[in-house]
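Notes for the structure review
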Amino acid sequence: MPKVAIAGGGLAGLAAAAALGGAGFAVDLFEARPFLGGRATSYPVPASSGEEAETIDNCQHILLRCCTNLLNFYDRLGVRDQIRFYREFYFIEPGGRISILRRGRLPAPFHFTGSFLRLHCLDRHDKIAIARAMMALRRERTRRKDLHRISMLDWLLQKRQTPRAIDRFWRQVLVSAVNEDLDRMAAAHGFQVFWLGFLARADSYEMGVPAVPLAQLYAAEAWQKLSNVRIHLRCPVERIGREGLTVNGQLIASDYSICALPFERLEAVGLEAPHLEHSPITGVHLWFDREITTLPHATLLDRTMQWMFNKNGGRYLQLVVSASRDLTNLSRNDIVDLAIGDLRLFFPRVREAKLLKSHVVKEQRATFSAAPETESLRPPTATRFPNLFLAGDWTATGWPATMEGAVRSGYIAAEAITAAASSPKRFLLPDD
């Protein structure tokens, strides 16, 4: 069996390992940390005296049914049944009024018509503007050649979107999906999210939320049926080159190598790094002494906190702020105070509840910034070395920085290795 060494145990490296392992390659994967998953992982938070330690996700990661390669990766590990899908999106206004978006009986792309017309958070002018833009998006997604050069906000303003439509609809969906502000986001990525996630298929919008901590999806049991894949934790890769990987001062002999490290780590291991910028994400974990809400999740309108996820019986909530540059210089206590203040506007029970504990996770380098003119900066999987390949959501996958994009990059690198080994195989699934 050809030997493959992989640097990095994030989703890109794991996807490549699963694909190649299933194809009969001998794979050794090296991860610096004591757990897998990269930025899509979980870890225990130290507990105070007399309390149980909590295992938290570094940030709530979700997927849509259109994430075909991510779901295929979960199938390979036998953990797809650990993803819980929801058919409703809840929009909550300050004051607590709820609007629900769900599909109806009409075929795509008209499946949202009934619930969209009933959304309380948008008025008639907003809905007309959004419908007009959706029709334009269908027409222009394959015709316009400038969508990688202009921002999504530029395009929305061209389509005469109302301020409320931009703030309460387009921004709420896209900023969380792409992890970038509308004025910094290439329009092509906004088009992709709405076409694949909302228009192409009636069920593609359904939101999948892991029912277990993220790290549990990649636990040792998941790899048992891939016996030719060996995972090496606490093994940082020091250098990568034509000869292979250097780990703990030792050169790892292999026929092929994959670098699946974050792009900011490439120079440290001797490779050229792309000139990409980062966009941050902030996660706020709050534990209360009573149930705050029965909703499984909700997008919070008009405030700093963008999404709420009910992690345990309405007493443990996780809030997410994508593209959270405004929170970078705030202390963790200030962020918790801001979160509690926002929640009081949406969930009255917060006013009587006692906050038992909190935890804030600032991911300053959460993803690359999917800005206009960025696509040309994203490298392909091939490198100047014929036996070394790149993987990561920052490579040229055609997707923004998502879990789906990371898995796609791993599959692309795995396909390149099978081709180099004169036994080409297909792992990448096409978009529906």
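An account of the accompanying structure is given in this report. All figures in this text were calculated on a predicted structure; none of them were measured in a lab.

This brings us to the pairing of strand 15 (residues 278-288). By the criterion of burial, strand 15 is predominantly enclosed, with 10 of the 11 residues buried. Across 10 bridges, the pairing between strand 15 and strand 19 (residues 355-368) is antiparallel. Within strand 19, the residue paired with His285 across the bridge is His359.

Spacing of three or four residues puts side chains on the same side of an α-helix, whose turn is 3.6 residues. Over its 15 residues, helix 8 (residues 332-346) extends 22 Å from the first C-alpha to the last, a length consistent with the 21 Å expected when each residue adds 1.5 Å. Looking only at helix 8, the buried set comprises Ile335, Val336, Ala339, Ile340, Asp342, Leu343 and Phe346. For helix 8, the angular spread of buried residues about the axis comes to 165°, placing them on one side. In helix 8, those exposed residues whose orientation departs by more than 90 degrees from the buried face are Asn333 and Asp337. Against the buried residues of helix 8 lie strand 7 (89-92), strand 15, strand 16 (297-300), strand 18 (316-322) and strand 19.

Before going further, it helps to examine the packing of aromatic side chains. Applying the stated criterion across every chain, the model contains 18 aromatic pairs. Both rings, one in Phe89 and one in Phe198, keep their centres 6.1 Å apart while their planes meet at 45°; by these two values the pair is tilted. Note that Phe89 is positioned in strand 7 and Phe198 in helix 7 (residues 187-199), a separation of 109 residues in sequence. Side by side, Phe89 and Phe198 carry an identical accessibility label, which is buried. Ring pairs connect the aromatic residues Phe89, Phe112, Phe116, Trp155, Phe169, Trp170, Phe191, Phe194, Phe198, Tyr205, Trp307 and Phe309, which therefore count as one cluster. Directly above the ring of Phe85 sits Arg65, whose terminal nitrogen or CZ lies 3.8 Å from the centroid. Of note, Arg141 hangs over the ring of Trp195, and the distance from its end group to the ring centre comes to 3.8 Å.

An order of 10-2-1-14-20 is seen for the 5 strands of this open sheet, with the pairing classed as parallel. Here the strands that pair on one side only, and so sit at the sheet edges, are strand 10 (229-232) and strand 20 (388-390). Here the strands of the sheet are splayed against their neighbours by 20° on average, with no regard to which way each runs. Direction of pairing for strand 14 (residues 256-259) relative to strand 20: parallel, over a ladder of 3 bridges. Across the sheet, Cys259 pairs through a bridge with Leu390, a residue of strand 20. Contacts between helix 1 (residues 11-22) and the sheet are confined to strand 1 (3-7), strand 2 (26-30), strand 10 and strand 14, with strand 2 contributing the most and set at about 165° to the helix. Taken strand by strand, helix 9 (residues 403-420) contacts strand 1, strand 14 and strand 20, and its axis lies near 160° from that of strand 20.

Here we come to empty space enclosed by the protein. A complete count under the given rule lists 2 cavities of 30 Å³ or more for this structure. When its volume is computed, the second largest cavity comes out at roughly 40 Å³. What lines the second largest cavity is Arg39, Pro262, Phe263, Ala366, Thr367, Phe368, Asp393 and Trp394. Here the residues of the lining of the second largest cavity sort into 5 nonpolar, 1 polar and 2 charged.

Attention now moves to the nonpolar core. Across soluble globular proteins, you tend to see nonpolar side chains buried next to one another. By size, the foremost hydrophobic cluster in this structure holds 122 residues, and its most contacted members are Phe73, Trp155, Trp170, Tyr218 and Trp223. With near-sequence residues (within four places) excluded, Phe73 lies in contact with Leu11, Leu14, Ala15, Ala18, Tyr218, Val407 and Tyr411. Counting 25 residues, the second largest nonpolar core, distinct from the first, contains Ala298, Ile335, Phe347 and Val350.

Over its 12 residues, helix 1 runs 16 Å from end to end, which matches the ideal 16 Å to within 8%, given 1.5 Å per residue. Along helix 1, 11 of the 12 residues are buried, which leaves the element largely enclosed by surrounding structure. Turning to helix 1, its buried residues number three or more, namely Leu11, Ala12, Gly13, Leu14, Ala15, Ala16, Ala17, Ala18, Ala19, Leu20 and Gly21. At its buried positions, helix 1 is contacted by strand 1, strand 2, helix 2 (68-77), strand 10, strand 14 and helix 9. Positioned one or two residues after helix 1, Gly24 has a phi angle of 95°, which is positive.

Conventions we followed
- Residues numbered from 1 in each chain as written.
- Predicted model: local features only at pLDDT ≥ 70, side-chain atom pairs only at ≥ 80, totals over all residues.
- Heavy atoms only, no water.
- Buried < 20%, exposed > 50% of the residue type's maximum accessible area, 1.4 Å probe, protein only.
- Helix = DSSP H or I, 4+ residues; strand = E, 2+ residues; numbered from the N terminus.
- Pairing = 2+ DSSP bridges.
- Expected span 1.5 Å × (residues − 1).
- Arc of directions from axis to C-beta.
- Contact = heavy atoms within 4.5 Å.
- Phe/Tyr/Trp six-rings, centres within 6.5 Å; stacked < 30°, edge-to-face > 60°.
- Lys NZ or Arg CZ within 6 Å of the ring centre and 35° of its normal.
- Axes fitted to C-alpha atoms, helices over the stretch in contact; angles between N-to-C directions.
- 1 Å grid on protein atoms, 1.4 Å probe; cavity = no way out; pocket = protein on both sides within 12 Å on 5 of 7 lines; lining within 4 Å.
- Points joined across faces, edges and corners; volume = space filled by probe spheres on them.
- Nonpolar A, V, L, I, M, F, W, Y, C, P; charged D, E, K, R; others polar.
- Core = buried A, V, L, I, M, F, W, Y, C linked by side-chain atoms within 4.5 Å.

Keep in mind that these numbers describe shape and distance, not what the molecule does.
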